[in-house]
Amino acid sequence: MNIRKATPEDEPVLKEWLNNPEDCMLVTGRQPYSSDMFHSWYEEPDQFGFMLMEDSKSVAYGEIWVDEEEEDLELAHLVVEPSLRNKGLGKQLIKALLEKCKDYPYEWVYMRIEPLNKQAIQCYKGVGFVEDPSLRSSFNGRWIWMKKKNIVSS
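A few points on the structure. (Residues numbered from 1 in each chain as written. Predicted model: local features only at pLDDT ≥ 70, side-chain atom pairs only at ≥ 80, totals over all residues. Heavy atoms only, no water.)

### Looking at the pairing of strand E4 (residues 72-80)
Across the nine residues of E4, nine count as buried, placing the element largely inside the fold. Direction of pairing for strand E3 (residues 57-67) relative to E4: antiparallel, over a ladder of seven bridges. Looking across to E4, one finds that Ile64 is bridged to Leu75. Hairpin connection, E3 to E4: the antiparallel pair is bridged by four residues, and Glu71 has positive phi, about 55°. Note: E4 against strand E5 (residues 108-113), three bridges, orientation parallel. Considered in E5, the bridge of Leu73 is made with Val109. Handedness of the crossover is the feature at issue here: the chain leaves E4, passes through helix H4 (residues 89-101), returns alongside E5, and the resulting connection is right-handed. (Buried < 20%, exposed > 50% of the residue type's maximum accessible area, 1.4 Å probe, protein only. Helix = DSSP H or I, 4+ residues; strand = E, 2+ residues; numbered from the N terminus. Pairing = 2+ DSSP bridges. Right-handed = clockwise from strand over helix to strand, strands pointing away.)

This is how it looks when you write it as structure tokens:
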């Protein structure tokens, strides 16, 4: 497995993976999926998309959002190819993204999750994220907020 930066050519893959409205809602908080969603993420200067690859096949996607003002990072829009779910690829994706996070000097990596996405919550706990209920009242109460210390490279 390796991880590479996402490109505009990856959009049709995400469109296929998020074609199911329920999946789209759990990953993006919105439905239905549109190509504009991907392009708006891709074009943001502080959002970086990555594809997890197995050989030459895309198996998962996720983003790192860099908030220089708040001095923290957020993982977002994590999705595994539907036929490959429940095989540990989500954890592999998160671990690969956390390796990329080490390049930033920020103490915390955050995630916000749709409360109904119990499977994702368990996955995130499995790689060391913990729920922080205080963030739910400080920020958008719609989400479950989780965080993990960033292991910064020296």
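Read on, since the account is not over.
### Observations regarding unusual backbone geometry
Pro32 follows Gln31 through a cis peptide bond whose omega is -10°. Inspection of the secondary structure puts Pro32 in the loop between helix H2 (21-28) and helix H3 (35-43). One non-glycine residue with positive phi stands out, namely Asp55, at about 60°. Inspection of the secondary structure assignment puts Asp55 in the loop between strand E2 (47-54) and E3. The phi torsion at His77 lies on the positive side, around 55°, for a residue other than glycine. Residue classification places His77 among the buried residues on the basis of a relative accessible area of 10%.

### A few points about a negative patch on the surface
A cluster of acidic side chains, namely Glu43, Glu44, Asp46 and Glu68, defines a negative patch on the protein surface. Looking at the element boundaries, Glu43 is found in helix H3. Using a relative accessible area of 60% as the deciding quantity, one classes Glu43 as exposed. (Patch = residues over 30% accessible without salt bridge, like charges linked within 9 Å, V, L, I, M, F, W, Y side chains within 5 Å. Areas by Shrake-Rupley, 256 points an atom, 1.4 Å probe, with all protein chains shown as cover. Salt bridge = Lys/Arg side-chain N within 4 Å of Asp/Glu carboxyl O. Lys, Arg positive; Asp, Glu negative; His and termini not counted. Charge placed at Lys NZ, Arg CZ, Asp CG, Glu CD.)

### Notes on the state of the cysteines
For the structure shown, the criterion picks out zero disulfides. Here Cys101 stays free of any disulfide, with the sulfur of Cys123 as its closest cysteine sulfur at 15 Å. We classify Cys101 as buried; its relative accessible area is 0%. (Disulfide = S-S within 2.5 Å.)

### Some remarks on the packing of aromatic side chains
According to the stated counting rule, one finds three aromatic pairs in the structure shown. Each ring, one from Phe38 and one from Tyr42, has its centre 5.9 Å from the other, and the planes form 20°; the classification is stacked. In this pair, Phe38 and Tyr42 are both assigned in helix H3, four residues apart and thus about one turn of the helix distant. For Tyr42, a relative accessible area of 36% translates into the label partly exposed. Positioned above the aromatic ring of Trp108, the side-chain terminus of Lys147 is 4.3 Å from the ring centre. (Phe/Tyr/Trp six-rings, centres within 6.5 Å; stacked < 30°, edge-to-face > 60°. Lys NZ or Arg CZ within 6 Å of the ring centre and 35° of its normal.)

### Description of the environment of Gly126
By secondary structure assignment, the location of Gly126 is in helix H5 (residues 118-126). C-alpha of Gly126 to C-alpha of Trp41: the two residues are 85 residues apart in sequence and 27 Å apart in space.

### Describing the sheet that holds E3
The mixed open sheet is built from seven strands, whose spatial order is E1-E2-E3-E4-E5-E7-E6. The open sheet has two edge strands, strand E1 (2-5) and strand E6 (130-131), and neither has a second partner.

### Describing the side chain of Asp132
Within the secondary structure, Asp132 sits in the loop between E6 and helix H6 (133-138). If near-sequence neighbours (up to four positions away) are discounted, Asp132 is found in contact with Trp145, Met146 and Lys147. (Contact = heavy atoms within 4.5 Å.)

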